[in-house]
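Chains, contacts and geometry: an overview
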Amino acid sequence: MAKLKVDGKEIEVPDHFTLLQACEEAGAEVPRFCFHERLSVAGNCRMCLIEVKGGPPKPAASCAMGVRDLRPGPNGEAPEVFTTTPMVKKAREGVMEFLLINHPLDCPICDQGGECDLQDQAMAFGIDSSRYQENKRAVEDKYIGPLVKTVMNRCIHCTRCVRFTTEVAGIAELGLIGRGEDAEITTYLEQAMTSELQGNVVDLCPVGALTSKPFAFTARPWELNKTESIDVMDALGSAIRVDTRGREVMRIMPRVNEDINEEWISDKSRFIWDGLKTQRLDRPYVKKDGRLQPATWGEAFQAIKAAVAKTSGDKIGAIAGDLASVEEMYALKQLIAALDSESIDCRQDGAALDPSLGRASYIFNPTIAGIESADALLIIGSNPRFEASVLNARIRKRYRMGNFPIAVIGEPGELRYEYEYLGAGTETLAELVSGKGKFAATLKKAQRPMILIGQGAIAGEGGAAVLAAAAKLAGAVGAVTAEWNGFAVLHTAASRVGGLDLGFVRVRTASRPPKWLPVPTFSSCSALMRSILPRASLASPSISARTATTARMPPTSSCRAQPTPKSPAPGSTQRVAFRSATAPASLRATRARTGRSSAHSPTFSARSCPLIRLANCARSSMRPTRISQKSTRSRPVTATKLPHSAKKPVRWANPCLRLRSKTSI
């Protein structure tokens, strides 16, 4: 920590802070255009000028000068800086006058109007006139894709967009070329941007040079109602803000959430609102004479009643969608139970996830923010760049910090960071489990290794064996300890974890095996796995088989969705924990029998540890399975058992979600 005075107020800040950050800690307002907390320092705009006591007789750029660069006074006094002196005021007015030399008077027609940093700072720190009478320069607008609109006459060359695409998105698609008045931002060859995060440059641009093309000329910011919400386009649960005018969704913006998305969102989340206006199902349809015909709600329910009356409960089933809310799944589960049926499931892709094994077997245990604490990463059957773009940006952020080896088993692809490609499928994973290969040694040497399993690896007939092998590997390399749980399951569906938490799956018993979704039965663990995985390592909420399938929850109105206090940050799999004001009778009986005060924080024994029971599946041979590449979702084809000598590569598909045009916020 370092001490300094800002406008006479003494503060103590970390010594790695810039003077701009230190001034903000003291409550002083310092204007800026190019500086951003999550990007590297550029020092282009020179708007953040301050005066340093004892320094040179000229203003200093506070964003480019660190606290540790200050010198103490002659008698050891704390360094002192000023933000409101006449010299600082005159310097800022001069810089603002320079910035407005070539800036066009587009405010009445600019989409940035009303939320423009240049407007606000020109009013607060600028002057009311200009001494320049020369003609303004003109820059040709660039085509950088269908999502971002460019009006390059407005650009002030802060280079925020350049630094974002290079540092956060991981691809150098934008750059600054030329010098002086010939300088301009361009994609070099004038091609469309390919990043899945390119829409964030709209938020970063302090002027109207880069704006949202679908949102162009549709609304002004002061016309919109802002509603905080959660993104459902992937399983991260990013914090978003939905701007509406009347009943129409106009745009979607990110909110700051350090534990999940920081302040970025994917393009899928940002621009999905366009699909809310077209091809929407706004009425029920009933099939008549082999064709779907519009019907009223009364006719639809009568058709359902007639169909249910003609059949028995064992022939009725229900599948929950990827965008179904927990309340809807709970109501559907109660309805199917009332019809004397247990054929329910929320795993449409056949993922080998079983809620009876505990939440630790299907959630993102290290949390998204915990990625920055990991020191090695193994990705199995996943492409985070497409499945969870914001999560991939967090992985890249950790990669840029250094000393973070990454390896991939599955389909090779461009992930925006360097990694070691180990192999295509199950044989490579089996070698890692047996301790062979350099990366197995790397994982063992790591203090906090992390194993990320995607849905492409655990979907289908061989998914349970893959998940079990990954669990065994996690125990062998020390990824699951009392202080760290690096076993992470990356989902692609927003409602999948909620369905698993509710137990929205078919009950598996010896007398009544499931008729679909082949999930093998897990037996007791071996002594080896009991010694590998300590019971304290998986102290995360669990849903037992009895609680998940037979416990009766209270009505939906008494269930309140709220984050679990002192729990891992909401991530791709642990977004919301549902608590009940009144515990069900079966749950109260369980508490009385076990002496536990809460069913959400059980103490795991070594025999009941979910990952131990998962890893027990690795005793059986892992059958390589080919995954179809014809659709964006993984669909298992016939499992083919290969001889041990045949080194035929097997690939796992990446179940990337497509933009849905029939999505409701």
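On a predicted model such as this, the values are computed, not experimentally measured, just so you know.

This paragraph deals with the packing of helix α4 (residues 160-168) against helix α10 (residues 389-401). For any two helices packed against each other, one specifies the crossing angle of their axes together with the interaxial distance. Where α4 contacts α10, the axes come no closer than 10 Å and their chain directions differ by 85°. Classed by the angle they form, the pair α4 and α10 counts as roughly perpendicular. For the pair α4 and α10, the contacting residues are Thr166, Glu167 and Val168 in the first and Ala393, Arg396 and Arg400 in the second. Broken down by class, the residue content of the contact of α4 with α10 amounts to 2 nonpolar, 1 polar and 3 charged.

Moving on, we come to the sheet that holds strand β11 (residues 239-245). Here 3 strands make up an open sheet; going across it, the order is β10-β11-β12 and the pairing antiparallel. Strand pairing shows two members of the sheet lacking a second neighbour, β10 (225-230) and β12 (248-254), which therefore form its edges. Shown here is a sheet whose adjacent strand axes are inclined to one another by a mean of 30°, direction ignored. Here β10 runs beside β11; their pairing, made up of 6 bridges, is antiparallel. Residue pairing in the sheet places isoleucine 230 in a bridge with alanine 239 of β11.

Attention now goes to the sheet that holds strand β21 (residues 487-490). Reading across from one edge, β19-β18-β17-β20-β21 is the order of the 5 strands in this open sheet, with parallel pairing throughout. Only two strands of the sheet have a single partner each, and these edge strands are β19 (420-423) and β21. Between one strand axis and the next, the sheet turns through 20° on average, direction left out of account. Contacts from helix α12 (residues 438-445) reach β17 (376-380), β18 (406-409), β19 and β20 (449-454) within the one sheet, and its direction differs from that of β17 by about 130°. Here helix α14 (residues 463-476) sits on the sheet and contacts β17, β20 and β21; the angle it forms with β20, its principal contact strand, is near 175°.

Next up on the list: unusual backbone geometry. Backbone geometry places aspartate 7, a non-glycine residue, at a positive phi of 55°. Checked against the element boundaries, aspartate 7 lands in the loop between β1 (2-6) and β2 (9-13). Positive phi outside glycine occurs at arginine 46, with the angle close to 65°. Note on placement: arginine 46 falls in the loop between α1 (19-25) and β3 (49-52).

Rules used throughout
- Residues numbered from 1 in each chain as written.
- Predicted model: local features only at pLDDT ≥ 70, side-chain atom pairs only at ≥ 80, totals over all residues.
- Heavy atoms only, no water.
- Axes fitted to C-alpha atoms, helices over the stretch in contact; angles between N-to-C directions.
- Helix = DSSP H or I, 4+ residues; strand = E, 2+ residues; numbered from the N terminus.
- Parallel < 35°, antiparallel > 145°, perpendicular 65-115°, else oblique.
- Contact = heavy atoms within 4.5 Å.
- Nonpolar A, V, L, I, M, F, W, Y, C, P; charged D, E, K, R; others polar.
- Pairing = 2+ DSSP bridges.

Any link to function would need more than the numbers given here.
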